[in-house]
Amino acid sequence: MTDSNLAIAITLIGLLYLPIPIMAWSVLASTRTVSVVHWCVGGGLFGIGILLIGLRIYLPDWLSFAVANACVVLGNLLRIQALRLELKRPWRVSRWVMLFVGFMLVYEFFRLEVANQFFRFGWGFGILALCLGELARLSWQLSRVESSRSARWFSWVHWAVVVVIFVRVLLAGLGISRPSPVAADIDAMVTVVMVLLTTVLGNFAFVGIFAERSTAKEVVLAQEQAQQLEHSRWRGQIAQLDRQRSLGAMSASISHELNQPLAAILLDANMVQQGVASGKLTTPDLLENINAIEQNTLRASQIIQRIRNFIQPAPETYELVDLGALSVDVADLVASEARARQVKFSFSRDVPLARVMGDRIQLSQIILNLYRNAMQAMATVPQRDIAVEVRNEAANVVLRMTDSGVGFSLHVLEGMGTEFFTTKPEGLGVGIMISRTIAEQHGGTLTFANAPHGGAVATLCLPAAMAA
Ligand code: ADP
């Protein structure tokens, strides 16, 4: 092969090389970061530089020496900056502009002033080797940080070409090889092919780093999703157990509550039986008794329905829920326990409807936990009041429950809501934790404070339905 044939080969390789950064640019379209921009622009400049060197015999010297080398070095500096950006250690612009200007001044000095072909060649190739070595070093670091196989490949290939260039400069220095990139000697050809192969492989490896990263991200995302699913299933099970436990603890008062309508039904049925047997039962009396039986049956079935709704595992269903009405409904659920503990409820609200978007059962669970904790905290005090206030505040619906119990010590305020924190001998310490999680899942908060005149204040704040 003659010198001009090698020049044509380099030109063709330069032409072939140019589409590669464009390909990397389009492949990385979805992850086009600043480093990708640096990499692709750098690759493009490198390709143009190679092309200008290949066309050396047709072009003026300033273009095929000065501009060509400027393109190659600037291209490499940009690619180094791309890897540095990936490593989060970018150079300041002034730094690589200085390096570039420094390279050009020395190169032009060797070319125009000293007019020494070996100095010029040695300087150009030496800096090329340094740049490729820096790329190899940075990609090695990247491979360690990200455990990236592509980055490791990138590094090995670049180290190999650094060795080849070093040998080539050495041979030229010893006069064994001609100091020209387009000399058609076997060592020159090996160098050229190696440099170009490296940059082509480098581009694939760079794209590979991003591909590996997005795969790794997907794996992490899938793991996180699985964990979240497991976590929410676990929380769901604890919530379910907490509901069952609450109702279990209230079973005595609930059965008492249920007993009342059942006893009334029995009484009315007996009266009808006796009235019919004695023949003294008038039709209006009969109708009145049947009506009473119907009403009490309805009440009993409502109590059972409420308990069943609350206790049975149900899929999460979001609907419009009026917090004011719900606070009264849940108080009904604990009515018999409240009576037994001599606790009085009072309700106030600023508007007829205070609606939020949420799961009725989960929101009931928060309120039930608040009521039960309040009732237990008032066990040792003579005055036992629970005041429930529902207000629309800004874009939120706020339910504030104040009790006249013992309130919170600093230790309790700090520990409340952490898993299994309890001050009760029979407590599990999951009620507040579950309630807080539910509030947060509904985009809201559950906070606690001491009331100014003693007792506790629990504040449930949820986005109002309109805003939600
Ligand atoms: P548990 O009721 O099983 O103890 P919780 O998570 O519901 O679990 O409550 C944790 C702790 O918070 C309780 O043990 C209690 O010390 C404190 N606490 C909760 N609500 C009140 C309240 N209204 N007044 C005083 N202390 C309260």
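Residues numbered from 1 in each chain as written. Predicted model: local features only at pLDDT ≥ 70, side-chain atom pairs only at ≥ 80, totals over all residues. Heavy atoms only, no water.

**Q** What am I meant to see in the overall build of the chain here?
**A** Tallying secondary structure elements over the chain gives 15 helices and seven strands in all. Taking 468 residues into account, the globule formula puts the C-alpha radius of gyration at 23 Å, and the chain, at 41 Å, lies well above it. Referenced to the eigenvectors of the C-alpha coordinate spread, the extents of the chain come out at roughly 135 × 50 × 40 Å. Here the chain holds 468 residues, and the buried ones make up 45% of them. In the chain, 72% of the contacts between residues at least 6 apart in sequence involve partners at least 24 apart. Taken as a whole, the chain presents about 24,100 Å² of accessible surface, with 65% of it coming from carbon and sulfur. Counting 38 positive and 35 negative side-chain charges, the chain places the averaged centre of each group 7 Å from the other. (Helix = DSSP H or I, 4+ residues; strand = E, 2+ residues; numbered from the N terminus. Rg over C-alpha atoms; globule rule 2.2 N^0.38 Å. Buried < 20%, exposed > 50% of the residue type's maximum accessible area, 1.4 Å probe, protein only. Contact = heavy atoms within 4.5 Å. Areas by Shrake-Rupley, 256 points an atom, 1.4 Å probe, with all protein chains shown as cover. Lys, Arg positive; Asp, Glu negative; His and termini not counted. Charge placed at Lys NZ, Arg CZ, Asp CG, Glu CD.)

**Q** How should I be thinking about helix α4 (residues 61-86) in this particular structure?
**A** Residues separated by three or four positions in an α-helix point in the same direction, a consequence of the helix having 3.6 residues per turn. For α4, built from 26 residues, the straight-helix expectation of 38 Å at 1.5 Å per residue is met to within 8% by its first-to-last C-alpha distance of 37 Å. Of all 26 residues making up α4, 21 are buried, and the element is well covered by its neighbours. Within two residues after α4, Lys-88 carries a phi angle of roughly 60 degrees, on the positive side. (Expected span 1.5 Å × (residues − 1).)

**Q** What is the right way to read the side chain of Ser-139 from this model?
**A** One can find Ser-139 in helix α6 (residues 117-146). Residues in contact with Ser-139, not counting those within four places in the same chain, are Leu-83, Ala-151, Phe-154 and Ser-155.

**Q** I keep staring at the site of the ligand and nothing clicks. Help me out?
**A** Close to the ligand lie 20 residues; Thr-422, Thr-423, Lys-424, Gly-429 and Ile-432 are nearest. With respect to the ligand, the side chain of Thr-423 contributes an N or O atom lying 2.4 Å from an oxygen atom. In the model, an oxygen atom of the ligand is placed 3.3 Å from a nitrogen or oxygen of the Gly-431 main chain. Burial of the ligand by the protein chains amounts to 94% of its free accessible area of 540 Å². Within the residue set of the shell around the ligand, elements represented by two or more residues are α13 (360-377) and α15 (431-441). Counting residues per element, the shell around the ligand draws most heavily on α13, which supplies three residues. For the shell around the ligand, a count of residues per class yields 10 nonpolar, seven polar and three charged. (Near = heavy atom within 4 Å. Polar contact = N/O pair within 3.5 Å; in protein donor to acceptor, adjacent residues only side chain to side chain. Nonpolar A, V, L, I, M, F, W, Y, C, P; charged D, E, K, R; others polar.)

**Q** It is not clear to me how the nonpolar core should be interpreted in this structure. Could you clarify?
**A** The tendency in soluble globular proteins is for nonpolar side chains to be buried side by side. Formed by 58 residues in total, the largest nonpolar core has its most connected members in Trp-39, Leu-83 and Ile-165. Elements with a contribution of two residues or more to this core: α1 (3-17), α2 (19-27), α3 (34-54), α4, α5 (93-114), α6, α7 (149-173) and α8 (186-249). It is α4 that contributes the most residues to this core, 13 residues altogether. Not counting chain neighbours up to four residues away, the residues in contact with Leu-83 comprise Trp-39, Leu-135, Leu-138, Ser-139, Leu-142, Phe-154 and Phe-206. (Core = buried A, V, L, I, M, F, W, Y, C linked by side-chain atoms within 4.5 Å.)

**Q** Quick question: what am I supposed to make of the packing of aromatic side chains here?
**A** The relation between two aromatic rings is expressed through the spacing of the ring centres and the mutual angle of the planes. Enumeration over the complete set of coordinates arrives at 15 aromatic pairs. Relative to Phe-210, the ring of Phe-206 has its centre 5.3 Å away and its plane inclined at 55 degrees; by these criteria the two rings are tilted. Here the residue Phe-206 and the residue Phe-210 both occupy positions in helix α8, the gap between them amounting to four residues, near one helical turn. When its relative accessible area of 1% is taken as the criterion, Phe-206 is described as buried. With a relative accessible area of 6%, Phe-210 lands in the buried category. Among the aromatic residues, ring-to-ring pairing joins Phe-103, Tyr-107, Phe-109, Phe-110, Phe-118, Phe-119 and Trp-123 into one connected group. Over the ring of Trp-39 we find Arg-79, and its NZ or CZ is 5.0 Å from the ring centre. (Phe/Tyr/Trp six-rings, centres within 6.5 Å; stacked < 30°, edge-to-face > 60°. Lys NZ or Arg CZ within 6 Å of the ring centre and 35° of its normal.)

**Q** Help me out: how do you make sense of the pairing of strand β5 (residues 396-403) in this one?
**A** Remember that side chains alternate between the two faces of the sheet whenever the strand is regular. The pairing of strand β4 (residues 385-393) with β5 spans eight bridges and is antiparallel. What sits directly across from Ala-387, in β5, is Thr-402. Taken together, β4 and the strand that follows it, β5, pair antiparallel across an intervening segment of two residues, in which Ala-394 is found at a positive phi of about 50 degrees. Direction of pairing for β5 relative to strand β7 (residues 456-463): antiparallel, over a ladder of seven bridges. (Pairing = 2+ DSSP bridges.)

**Q** Explain a nonpolar patch on the surface to me, please; I cannot follow it from the model alone.
**A** Nonpolar side chains collect at one region of the surface, where Val-163, Phe-166, Val-167, Leu-170, Leu-174 and Ile-176 lie side by side and expose about 630 Å² of accessible area between them. As for its position among the elements, Val-163 is in helix α7. (Patch = residues over 30% accessible without salt bridge, like charges linked within 9 Å, V, L, I, M, F, W, Y side chains within 5 Å. Salt bridge = Lys/Arg side-chain N within 4 Å of Asp/Glu carboxyl O.)

**Q** For this particular structure, what's the right way to read α15?
**A** With eight of 11 residues buried, α15 lies mostly within the body of the structure. Every buried residue of α15 is accounted for by Gly-431, Ile-432, Met-433, Ile-434, Ser-435, Thr-437, Ile-438 and Ala-439. Following α15 by one or two positions, Gly-443 has its phi on the positive side, about 80 degrees.

**Q** Whenever I open this one, the environment of Asn-373 confuses me. Can you help?
**A** By the element assignment, Asn-373 lies in helix α13. Sequence spacing of Asn-373 and Ala-456 is 83 residues, and the spatial spacing of their C-alpha atoms is 10.0 Å. Ignoring anything within four residues of it in the chain, the contact list for Asn-373 reads Lys-424 and Ile-432.

**Q** Can you walk me through the sheet that holds β5 in this structure?
**A** For sheets, the rule is that strands pair by backbone hydrogen bonds, running either parallel or antiparallel. The mixed open sheet is built from five strands, whose spatial order is β2-β4-β5-β7-β6. The open sheet has two free edges, formed respectively by β2 (344-349) and β6 (445-450), since each of these has just one partner strand. For this sheet the average axis-to-axis angle between neighbouring strands, irrespective of direction, equals 15 degrees. Of the strands in this sheet, β2, β4, β5 and β7 are in contact with helix α11 (residues 323-333), which crosses β2 at around 170 degrees. In the packing of α15 onto the sheet, contacts are made with β6 and β7, and the angle to β6 comes to roughly 130 degrees. (Axes fitted to C-alpha atoms, helices over the stretch in contact; angles between N-to-C directions.)

Shape descriptors only; they carry no functional weight alone.
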